[in-house]
Amino acid sequence: MLIGDVARRSGVSARMLRHYEALGLVRPTGRSGAGYREYSDEDIRRIFHIESLRSLGLSLREVGSALGDPGFAPSALVDDLIRQTQDRIARETALLTRLRRIGAAEPADWEDVLQTVALLQALGSKSAGTRQRAALSSVVEEVPVPVEALVEAALSERDPHVAGALRWALARAGDGGEALLAEGLGSPRATVRRRAVQALAELTGAEATARLRDALTHSDVAVRRCAALALGGRGVADAVPTLLDMIVEEANDVDAADALGALARDRASADRIAAGLVDRLARATADVRARRRLTQALADIPGATASRALAELAQDEDRAVALTATYLLTLRESAGPRT
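Okay, so let's go over this structure. What you are looking at is a predicted structure, and each value in this text was computed from that prediction instead of being measured. (Residues numbered from 1 in each chain as written. Predicted model: local features only at pLDDT ≥ 70, side-chain atom pairs only at ≥ 80, totals over all residues. Heavy atoms only, no water.)

### Quick look at the overall build of the protein
Alright, step 1. Scanning the protein from N- to C-terminus turns up 19 helices and 2 strands.
Alright, step 2. Reported as C-alpha extents along the three principal axes, the dimensions of the protein are approximately 120 × 50 × 30 Å.
Alright, step 3. Within the span of the protein, comprising 339 residues, buried residues form 40% of the whole.
Alright, step 4. For the protein, the accessible area works out to roughly 19,000 Å², and carbon and sulfur atoms hold 51% of it.
Alright, step 5. Where the 45 positive side-chain charges of the protein centre and where its 47 negative ones centre are 4 Å apart. (Helix = DSSP H or I, 4+ residues; strand = E, 2+ residues; numbered from the N terminus. Buried < 20%, exposed > 50% of the residue type's maximum accessible area, 1.4 Å probe, protein only. Areas by Shrake-Rupley, 256 points an atom, 1.4 Å probe, with all protein chains shown as cover. Lys, Arg positive; Asp, Glu negative; His and termini not counted. Charge placed at Lys NZ, Arg CZ, Asp CG, Glu CD.)

Next comes the structure, spelled out in structure tokens:
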């Protein structure tokens, strides 16, 4: 078969076939009477082998080595190609992400583009100081930074000072971060989930509050507790059960008691909170330390339910509980009626 016929049937141009010949990848087995190259069936099979290997990403040099090595191990080659392809995809994905983020910043000119690129690079710096300055400059200098980049940085940041700056930047970045941070709550890594809920806790607005309310039923207890503290400060009564549990379990119990006190400013919630504390007291009969913390938590809860509970606790067989309740009753009496 002449070179023109081979080119038509194989889809490989005559020029490329001559290039393969020059590299020694394939040689026509004969010549016609007029001196034209003639390819045998075996030559054509080799051409298809060359094209198949090229389709996997091999260079022509690698193709020649593979076809010329009688001990060639395809599995090793495929494994190496998989690694190379994964690395290439990762690089291309990173580039695509960066381009999308630059586009999301809506640059007006090339100066804006370069400024955004520099800031994105700074957020990924190995220097904690550089990352912190980048986070702060996005707010102080009003450099446009896509919220996706801030969220990614916040969820991966280990340095507490940089993390604080990133949360501050997120809180001032406008809408869009809540949904991305909520996705972070589903991470298999506990550290990422904790960073996500901490960042959500610093966002204001109805969507952030709704995401935090959803987090009250999260499987990660650390997420539930952080969400409850944030919601308590926002006056969301749904946080009460988790805050009560935190006092019993001595997990940020002082902060939890403060949050309950803030919630109890609402008269409708005060009796519910007091009843919850009394219920936990009844269930914690064997846990002396928990009973003392629960008694102390009644201090900032107004209303008749809390007052009756303190009066009963003033007669408690645990002297520390009785003394605490008596002292709190004295303070309430001196402050006037709280019912």
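Now that the structure is up, let's keep going.
### So, helix 10 (residues 177-184)
Alright, step 1. Here helix 10 has its buried residues at Gly-177, Glu-178, Leu-181 and Gly-184. Each buried residue of helix 10 sits inside an arc of 110° when the element is viewed along its axis, so together they form one side.
Alright, step 2. Turning to helix 10, the residues buried within the fold contact helix 8 (147-156), helix 9 (160-171), helix 11 (190-201) and helix 12 (206-215). (Arc of directions from axis to C-beta. Contact = heavy atoms within 4.5 Å.)

### Some points on the environment of Leu-23
Alright, step 1. Along the chain, Leu-23 turns up in helix 2 (residues 14-23).
Alright, step 2. Owing to a relative accessible area of 47%, Leu-23 belongs among the partly exposed residues under this scheme.
Alright, step 3. Taking C-alpha positions, Leu-23 is 17 Å from Arg-45, a pair spaced 22 residues apart along the chain.

### Description of the side chain of Ser-187
Alright, step 1. Here Ser-187 is to be found in the loop between helix 10 and helix 11.
Alright, step 2. Judged by its relative accessible area of 15%, Ser-187 is buried.
Alright, step 3. Engagement of the side chain of Ser-187 in a polar contact is seen with the backbone nitrogen of Arg-189, the distance being 3.1 Å. (Polar contact = N/O pair within 3.5 Å; in protein donor to acceptor, adjacent residues only side chain to side chain.)

### What to know about the environment of Asp-175
Alright, step 1. Positionally, Asp-175 belongs in the loop between helix 9 and helix 10.
Alright, step 2. Taking the C-alpha atoms as reference, Asp-175 lies 23 Å from Gln-121; in sequence the two are 54 residues apart.

### Examining the nonpolar core
Alright, step 1. Counting residues in hydrophobic clusters, the biggest one holds 70 residues, and the most contacted among them are Leu-170, Leu-243, Leu-260 and Leu-277.
Alright, step 2. The element best represented in this core is helix 8, accounting for 7 residues.
Alright, step 3. Residues Val-26, Ile-47, Leu-58 and Leu-77 belong to the second largest nonpolar core, which totals 18 residues. (Core = buried A, V, L, I, M, F, W, Y, C linked by side-chain atoms within 4.5 Å.)

### What to know about the packing of helix 7 (residues 128-140) against helix 9
Between two packed helices, the angle of one axis relative to the other and the distance separating the axes together describe the packing.
Alright, step 1. Where helix 7 meets helix 9, the axes come as close as 9 Å, and the angle between the chain directions of the two elements is 15°. As the angle between them shows, helix 7 and helix 9 are arranged roughly parallel. Along this stretch, helix 7 crosses helix 9, giving a crossing that reads as left-handed. Residues Ala-128, Arg-131, Gln-132, Ala-135, Leu-136, Ser-138, Val-139 and Val-140 of helix 7 form the contact with helix 9, whose participating residues are His-161, Val-162, Ala-165, Leu-166, Trp-168 and Ala-169.
Alright, step 2. Residues that form the contact of helix 7 with helix 9 fall into these classes: 10 nonpolar, 3 polar and 1 charged. (Axes fitted to C-alpha atoms, helices over the stretch in contact; angles between N-to-C directions. Parallel < 35°, antiparallel > 145°, perpendicular 65-115°, else oblique. Left-handed = near helix turned anticlockwise from the far one by under 90°. Nonpolar A, V, L, I, M, F, W, Y, C, P; charged D, E, K, R; others polar.)

### Topic: the packing of helix 12 against helix 13 (residues 221-233)
Alright, step 1. Running from N to C, helix 12 and helix 13 cross one another at 135°; their axes reach a closest spacing of 8 Å. Judged by the inter-axis angle, helix 12 sits oblique to helix 13. Of the two elements, helix 12 crosses helix 13, and the hand of that crossing is left-handed. Residue-level inspection shows Thr-209, Leu-212, Arg-213 and Ala-215 of helix 12 in contact with helix 13, the latter providing Val-223, Arg-224, Ala-227, Ala-230 and Leu-231.
Alright, step 2. Within the contact of helix 12 with helix 13, the residues separate by chemical class into 6 nonpolar, 1 polar and 2 charged.

### Details of the pattern of salt bridges
Alright, step 1. Tallied over the full model, the rule gives 16 salt bridges.
Alright, step 2. A salt bridge links Glu-249 to Arg-225; the nearest nitrogen and oxygen atoms lie 2.7 Å apart. Separated by 24 residues along the polypeptide, Glu-249 in helix 14 (residues 240-249) and Arg-225 in helix 13 bring together distant segments of the chain.
Alright, step 3. Between Glu-250 and Arg-293 there is a salt bridge, with its nearest N and O atoms 3.3 Å apart. Of this pair, Glu-250 sits in the loop between helix 14 and helix 15 (253-263) while Arg-293 sits in helix 17 (residues 288-297), and the two are 43 residues apart along the sequence.
Alright, step 4. A single salt-bridge network, built from bridges that share partners, covers Asp-245, Asp-279, Arg-280 and Arg-283. (Salt bridge = Lys/Arg side-chain N within 4 Å of Asp/Glu carboxyl O.)

### Points about the side chain of Asp-220
Alright, step 1. On the secondary structure map, Asp-220 appears in the loop between helix 12 and helix 13.
Alright, step 2. Among the residues examined, Asp-220 registers a relative accessible area of 12% and is labelled buried.
Alright, step 3. At 2.9 Å, the side chain of Asp-220 and the backbone nitrogen of Ala-222 are in polar contact.
Alright, step 4. Discounting residues that sit within four places of it in the chain, Asp-220 has contacts with Ala-190 and Arg-193.

### Points about helix 11
Because the α-helix completes a turn every 3.6 residues, residues three or four places apart line up on one side.
Alright, step 1. Along its 12 residues, helix 11 runs 17 Å from first to last C-alpha, staying within 8% of the 16 Å computed at 1.5 Å per residue.
Alright, step 2. Those residues of helix 11 lying buried are Val-192, Arg-193, Arg-195, Ala-196, Val-197, Ala-199 and Leu-200.
Alright, step 3. Next to the buried residues of helix 11 lie helix 8, helix 9, helix 10, helix 12 and helix 13. (Expected span 1.5 Å × (residues − 1).)

### Examining unusual backbone geometry
Alright, step 1. Phi is positive for Glu-250, close to 55°, though the residue is something other than glycine.
Alright, step 2. Residue Glu-250 is classed as partly exposed on the basis of its relative accessible area of 40%.
Alright, step 3. Of note in the backbone geometry, Asn-252 takes a positive phi value of approximately 50° without being a glycine.
Alright, step 4. You can see Asn-252 is positioned in the loop between helix 14 and helix 15.

So yeah, pure geometry; function would need other evidence.
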